[in-house]
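# Chain and residue survey
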Amino acid sequence: MNFKLFIARRIANRIANRNRSERRTLRDHVRQQLGQLRHDEKRVRGLRLYVAWSEHHRADSGSIAADMSWSHAAQPAV
């Protein structure tokens, strides 16, 4: 009888240790994946901001160049 209890306790301990190990591995994997997702989201936001800034900057410089043309200054005042 004691031998069966010993074996049952040993098997239970092995299963519990394996479960703890699996949970730890899963937790670490989930943390790594979530960290990678956060990093990628920051990168995407940064790139989108850069594109928006670049397009806005280009549009402003084109409109300023068109507004600063000197053709109207060369015409005589009426």
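Our structure is the block above this text.
No experiment lies behind these values; they were computed from the predicted model shown.

## Let's talk about the overall build of the chain
When helices and strands are counted, the chain shows two helices and zero strands. Counting every position in the chain, which comprises 78 residues, the buried fraction comes to 1%. Summing over all exposed atoms, the chain offers an accessible surface of approximately 7900 Å²; the carbon and sulfur share of this is 59%.

## Examining the pattern of salt bridges
What the rule picks out here adds up to one salt bridge. Between Asp28 and Arg27 there is a salt bridge; the shortest N-O distance is 3.4 Å.

## Regarding a nonpolar patch on the surface
A surface patch of nonpolar side chains, amounting to about 480 Å² of accessible area, comprises Phe3, Phe6, Ile7, Ile11 and Ile15. With respect to the helices, strands and loops of the structure, Phe3 is situated in helix H1 (residues 2-67). Judged by its relative accessible area of 60%, Phe3 falls in the exposed class.

Calculation rules
Residues numbered from 1 in each chain as written. Predicted model: local features only at pLDDT ≥ 70, side-chain atom pairs only at ≥ 80, totals over all residues. Heavy atoms only, no water. Helix = DSSP H or I, 4+ residues; strand = E, 2+ residues; numbered from the N terminus. Buried < 20%, exposed > 50% of the residue type's maximum accessible area, 1.4 Å probe, protein only. Areas by Shrake-Rupley, 256 points an atom, 1.4 Å probe, with all protein chains shown as cover. Salt bridge = Lys/Arg side-chain N within 4 Å of Asp/Glu carboxyl O. Patch = residues over 30% accessible without salt bridge, like charges linked within 9 Å, V, L, I, M, F, W, Y side chains within 5 Å.

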